[in-house]
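Descriptive analysis of the structure
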Amino acid sequence: MEELIRTIPVRDANGTRLTLFEFQKSTRRRGVLGWLRLASRQRRMQLDTGEAVDYVNENTFKLANGELLRRIKAR
């Protein structure tokens, strides 16, 4: 089993820049034709401060207290 980690830069309502980590466990499995593929399992998201975060949509994430975080777009 492998754990894939992706970082996502976000801003809170005050404009503070934070880093969101997306953890996703995956396992290698053989497909119908015998090829190896990664089968993903449920993902977990957490801020660099350790707080759990929920996925709302591609650009919005939500803390347990209801505060929304927005993805910072690359320019």
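Residues numbered from 1 in each chain as written. Predicted model: local features only at pLDDT ≥ 70, side-chain atom pairs only at ≥ 80, totals over all residues. Heavy atoms only, no water.

1. With respect to the overall build of the chain
Here is the rule: Runs of E in the DSSP output that reach at least two residues are strands. Runs of H or I that reach at least four are helices, and both are numbered from the N terminus. Relative accessibility thresholds used throughout: buried, under 20% of the residue-type maximum; exposed, over 50%; partly exposed, between the two (1.4 Å probe, protein chains only). By the convention used here, residues are in contact when the closest approach between their heavy atoms is within 4.5 Å. Only the protein chains shown count as cover for residues, with accessible areas throughout obtained via the Shrake-Rupley method and a probe of 1.4 Å.
Secondary structure summary: the chain contains zero helices and six strands in total. Counted from the first residue to the last, the chain has its helices and strands arranged as β-β-β-β-β-β. Looking at the chain as a whole, 24% of its 75 residues qualify as buried. Contacts spanning at least 24 positions in sequence make up 31% of the contacts within the chain whose residues lie at least 6 apart. With the model as given, the accessible surface of the chain reaches about 5700 Å², and the carbon-plus-sulfur share is 47%.

2. Section: the nonpolar core
We apply this condition: Nonpolar cores are built from buried Ala, Val, Leu, Ile, Met, Phe, Trp, Tyr and Cys residues. Side-chain atoms within 4.5 Å join them into one set.
Ile-8, Val-10, Leu-18, Leu-20, Met-45, Leu-47, Val-53, Phe-61, Leu-63 and Leu-69 together form the largest nonpolar core, which totals ten residues. Secondary structure elements with two or more residues in this core: strand 1 (2–11), strand 2 (17–30), strand 3 (36–47) and strand 5 (60–63). Apart from the residues within four sequence positions on either side, Val-53 is in contact with Leu-20, Met-45, Gln-46, Leu-47, Phe-61, Lys-62, Leu-63 and Leu-69.

3. Description of the confidence of the model for the chain
Put simply, the rule reads: For every residue, the predictor reports its confidence as pLDDT, a number between 0 and 100.
Looking at the chain, pLDDT values average 84 and 79% of them are 70 or higher. No element of the chain has a lower mean pLDDT than strand 3, at 74, and none a higher one than strand 6 (residues 68–71), at 95.

4. Notes on the pattern of salt bridges
Operational definition: The rule for a salt bridge is simple: a side-chain nitrogen of Lys or Arg has to be within 4 Å of a carboxyl oxygen of Asp or Glu.
Applying the stated criterion across every chain yields a total of one salt bridge. One salt bridge in this structure joins Arg-6 and Glu-22, with 2.6 Å as the shortest N-O distance. Note that Arg-6 is positioned in strand 1 and Glu-22 in strand 2, a separation of 16 residues in sequence. Looking at Arg-6, the relative accessible area reads 42%, which means it is partly exposed. Taking relative accessible area as the criterion, Glu-22 reaches 4% and is therefore assigned buried.

5. Topic: the pairing of strand 4 (residues 52–57)
We count it as follows: Any two strands between which DSSP finds at least two bridges are classified as paired.
Both strand 4 and strand 5 contribute to a ladder of four bridges, which runs antiparallel. Note that in strand 5 the partner of Val-53 across the bridge is Leu-63. The hairpin formed by strand 4 and strand 5 contains two residues between the paired strands.

6. Focus: the packing of aromatic side chains
Filter applied, for reference: Whether two aromatic rings pair depends on their centres lying within 6.5 Å, for rings of Phe, Tyr and Trp, where Trp uses its six-membered ring; planes under 30 degrees apart make the pair stacked, over 60 edge-to-face, and the rest tilted. Charge-over-ring contacts are defined here by two conditions on Lys NZ or Arg CZ: a distance within 6 Å of the ring centre and an angle within 35 degrees of the ring normal.
Under the defined criterion, the tally for this structure stands at two aromatic pairs. Ring geometry for Tyr-55 and Phe-61: centres 6.0 Å apart, planes at 65 degrees, overall edge-to-face. The partly exposed category is assigned to Tyr-55, whose relative accessible area is 40%. A cation sits over an aromatic face here: Arg-44 above Phe-23, 4.4 Å from the ring centre.

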